[in-house]
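Architecture at a glance
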Amino acid sequence: MKIKVGVLGATGMVGQRFIQFLAEHPMFELTTLAASERSAGKKYSEATNWYLDVEMPEKVRDLIVTTTDPKNKEFEDVDIVFSALPSDLAKKLEPEFAKEGKLVFSNASAYRMEEDVPLVIPEVNADHLELIEIQRKKRGWDGAIITNPNCSTICAVITLKPIMDKFGLESVFIATLQAVSGAGYNGVPSMAILDNLIPYIKNEEEKMQTESLKLLGTLKDGKVEFANFKLSASCNRVPVIDGHTECIFVKTKEEAEPEEIKEAMDKFDPLKDLNLPTYAKPIVIKEESDRPQPRLDRNIGNGMSIVVGRIRKDPIFTVKYVALEHNTIRGAAGASILNAEYFVKKYL
Ligand code: 2RA
C-alpha cells in the first residue's frame, strides 16, 4: 500500500516541483496540498501560478488546498509531509507536524544545523538518519524532522564525497553561478537581472560553508563530528532560469591526477541497487570542453544527476572542475523526496 503524503507550501516554486514528482509516485500517494490562508479553500489549479516547464499533473488540478495546520482533517491519514515552506514559517510549523507524529522531510533551512536533526544526502551520509531517535527522545515527538541541504551545497558535496573518500580533502574553494529560480517567484517572471549579474546571495556562502562540513562529517556517539577541511564559497546570481553551475577548486590530502578524480566520481553510485524511484546516477561526466551547460544538461537523470565537466589540473589547488545541478529538482524537491524514499526503504 502507498504511504499518504502531503506538501506544505504547495503553491510555491519548490512546492510545484514536489507535486511534479509526487503526483504519480510508486511509493507515495499525494493526498494533501497545504498553503497560506490566501490559497486555502481553492482548487489547486486556481490557487497556484504554475511556472514549471512541465504540465500541471491532472490529479492535483481539482484538489482543494488546505491550510498548514496539522490538525486539519486533510492531514489525518498522512504519514509524511514534504516541506517547501520559507524558513521562518518552517521554524514554527514543522515542529507542530512532528509533534502530531508526521515525518517532515524538509527543504527549509530552519533546522538543518540543529545537533539532533539529520541533514542528509543519502548517497553521502545516510547513516546520519540515526539522529532521529535522539531527536524524538529529546523533543518528545512521535514524528521527526529530516532535512536536505541548500541547493548549492548539494551540488558541491555530491562531487566532493568520492574525492574525499579516495584522496582526502585539504581545502576547497567554490564560485557559484546560481539560477534565478533559486530566488523564488520574484526572480523568474521578471528576469530582472538580464544583462547583469548579482555577486551576492543572502546567507548562501555561510550555508555552503557550514552545511558541507556537517554532511561530510562523521556520526559518533550520537553526534556529528564535522569534517575537518577548509571550504570557502563565493556566490553569484546569474540570468539563467534553472540550473546552478559551480566552479570547484579542490586541494586533496594525497596526490591525485584529474583522470583519477574523474574515475572516482564516475564510479560513485552508492544507492544503485536500492531501486529508489527518484534515484539517478549521482554524477554524470561530460567530456566536451564547453560542458556542462544549464540548458543542455540540467535535466540529465530527470534533473537528479550532477553533471561534471572540465576536470583539469590546477596550479594552486590539485584539480578544478565545473559542476551543474538542477537547483529546484536535485537541489530541492528531488533531494527531499529521495531522502523519504531512502528512509521508507531502510526503516519502515
Ligand atoms: C538560492 N539557495 O539559489 C537558494 C535556493 N535555496 O538562492
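Rules used throughout
- Residues numbered from 1 in each chain as written.
- Predicted model: local features only at pLDDT ≥ 70, side-chain atom pairs only at ≥ 80, totals over all residues.
- Domains from an automatic or database assignment.
- Contact = placed C-beta atoms within 7 Å.
- Helix = DSSP H or I, 4+ residues; strand = E, 2+ residues; numbered from the N terminus.
- Nonpolar A, V, L, I, M, F, W, Y, C, P; charged D, E, K, R; others polar.
- Axes fitted to C-alpha atoms, helices over the stretch in contact; angles between N-to-C directions.
- Parallel < 35°, antiparallel > 145°, perpendicular 65-115°, else oblique.
- Left-handed = near helix turned anticlockwise from the far one by under 90°.
- Pairing = 2+ DSSP bridges.

All right, on to the domain arrangement of the protein then. Looking at the assigned domains, one finds that the protein contains domain 1 (3-148 + 332-347) and domain 2 (151-325). Contact residues are listed per partner, giving 29 residues for domain 1 and 29 residues for domain 2. Sorting elements by how many residues they give to the side of domain 1 that touches domain 2 places helix α12 (residues 329-347) first, with eight residues. Residues that form the side of domain 1 that touches domain 2 fall into these classes: 16 nonpolar, six polar and seven charged.

Moving on, we get to the packing of helix α1 (residues 13-22) against α12. It is at 9 Å that the axes of α1 and α12 come closest, and there the two elements cross at 50°. In this view, α1 runs oblique relative to α12, as classed from their interaxial angle. Crossing handedness for the pair α1 and α12: right-handed. Counting all contacts with α1, which are made through Val14, Arg17, Phe18, Phe21 and Leu22, the residues of α12 involved are Ile329, Ala332, Ala333, Gly334 and Ile337. In the contact of α1 with α12, the residues fall into eight nonpolar, one polar and one charged.

What follows deals with the sheet that holds strand β7 (residues 169-178). Pairing is mixed in the open sheet, where six strands are placed in the order β10-β7-β11-β14-β13-β12. Strand pairing shows two members of the sheet lacking a second neighbour, β10 (230-237) and β12 (283-286), which therefore form its edges. Sheet twist, expressed as the average angle between the axes of neighbouring strands with direction ignored, equals 25°. In this structure, β12 lies alongside strand β13 (residues 306-313), joined through four bridges in parallel fashion. Of the residues in β13, the one forming a bridge with Val284 is Val307. Those strands touched by helix α9 (residues 204-215) are β7 and β10, and its axis lies near 145° from that of β10.

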